[in-house]
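# Summary of the model geometry
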Amino acid sequence: AQRMTVAQRFTHVQVLWFANYASEPQGSLTVERPYAGGPAQLGVFATRSPARPNRLCVSVAAVVGPVAGGALHLAWLDAADGTPVLDLKPYHPSADRVVRARVPAWCAHWPKSLEESASFDWGTVFKHAC
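Residues numbered from 1 in each chain as written. Predicted model: local features only at pLDDT ≥ 70, side-chain atom pairs only at ≥ 80, totals over all residues. Heavy atoms only, no water.

## Observations concerning the overall build of the protein
Just so we agree on the cut-off: Secondary structure elements follow DSSP: runs of H or I of four or more residues count as helices, runs of E of two or more count as strands, with numbering from the N terminus. Exposed residues in this analysis have more than 50% of their type's maximum accessible area, buried residues have under 20%, and partly exposed residues fall in between, with area computed by a 1.4 Å probe over protein chains only. Contact between two residues is taken to exist if any of their heavy atoms lie within 4.5 Å; hydrogens are not considered. The method behind every accessible area is Shrake-Rupley, applied with a 1.4 Å probe, and residues are considered shielded solely by the protein chains displayed.
Counting secondary structure elements, the protein contains 3 helices and 6 strands. When the helices and strands of the protein are placed in sequence order, the string is α-β-β-β-β-β-β-α-α. A burial count over the protein gives 25% of its 130 residues as buried. When contacts within the protein are restricted to residue pairs at least 6 apart in sequence, long-range pairs at least 24 apart make up 66% of them. Accessible surface, the protein: about 9200 Å² in total, of which carbon and sulfur atoms supply 57%.

Structure (structure tokens):
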């Protein structure tokens, strides 16, 4: 519990996790039309596709509760219950935030922040169920 005290003082953490429920890594480095309105084919590193050459994932999550019994309570994480967490790092805007990040036109209408993503209808974006 002592090692979690740093995370308690930050509102968000970066979570490095292993997608143990994802299928085995695929050899292809392209994904066929993963997004409605997107290009017909994208490089896998231009997507959030679970079909990746490896199953290491990183997410930003809000810390919402105190540490109890060694657990850190997060608002939401795009991983299944029981997913192995490999590392936690405090999210720090001076190192992790990019003020003028650019994205391709086909995804420019997506939310500009994690907070805006909560109310965005992602069902209109993904061609396949996540």
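Let's pick the thread back up.
## A closer look at the nonpolar core
This is how the line gets drawn: Here, nonpolar core refers to any group of buried Ala, Val, Leu, Ile, Met, Phe, Trp, Tyr and Cys residues whose side-chain atoms link them within 4.5 Å.
Among the nonpolar cores identified, the biggest contains 8 residues, and these are Val13, Val15, Trp17, Ala19, Cys57, Ala61, Val63 and Leu72. Where this core is concerned, the elements lending two or more residues are strand 1 (12-18) and strand 4 (56-68). Beyond its immediate sequence surroundings of up to four residues, alanine 61 is in contact with Thr11, His12, Val13, Val15, Leu74, Trp76 and Leu77. Counting 6 residues, the second-largest nonpolar core is a separate cluster that includes Tyr35, Leu42, Trp106 and Trp110.

## Some thoughts on the environment of lysine 89
Rules: In protein, a polar contact means a hydrogen-donor-capable atom and an acceptor-capable atom, both N or O and within 3.5 Å, with residues adjacent in sequence counting only if both atoms are side-chain atoms; elsewhere, any N or O pair within 3.5 Å suffices.
Tracing the backbone through its elements, the reader meets lysine 89 in strand 6 (residues 85-90). For lysine 89, a relative accessible area of 44% puts it in the partly exposed group. In this structure the C-alpha to C-alpha distance between lysine 89 and valine 15, which are 74 residues apart in sequence, comes to 6.7 Å. Aside from chain neighbours lying at most four places away, what touches lysine 89 is Val13 and Gln14. Here aspartate 87 takes part through its side chain, which lies 3.1 Å from a polar atom of the side chain of lysine 89.

## Here's the deal with the side chain of threonine 83
Note on placement: threonine 83 falls in the loop between strand 5 (71-74) and strand 6. For threonine 83, a relative accessible area of 15% gives the class buried. A polar atom in the side chain of threonine 83 sits 2.6 Å from the backbone oxygen of alanine 80.

## Examining the packing of aromatic side chains
Quick note on the threshold: Pairing of aromatic rings covers Phe, Tyr and the six-membered ring of Trp, with a centre-to-centre limit of 6.5 Å; geometry is then stacked below 30 degrees between planes, edge-to-face above 60, and tilted otherwise.
Counted by the stated rule, this structure contains 7 aromatic pairs. Ring centres of tryptophan 106 and tryptophan 110 lie 5.7 Å apart, and the angle between their planes is 85°; on these two criteria the pair is classed as edge-to-face. Accessibility expressed as a relative area gives 18% for tryptophan 106, which makes it buried.

## Remarks on unusual backbone geometry
The backbone phi angle of arginine 33 is positive, close to 30°, even though this residue is not glycine. Residue position: arginine 33 is located in the loop between strand 2 (30-32) and strand 3 (41-43).

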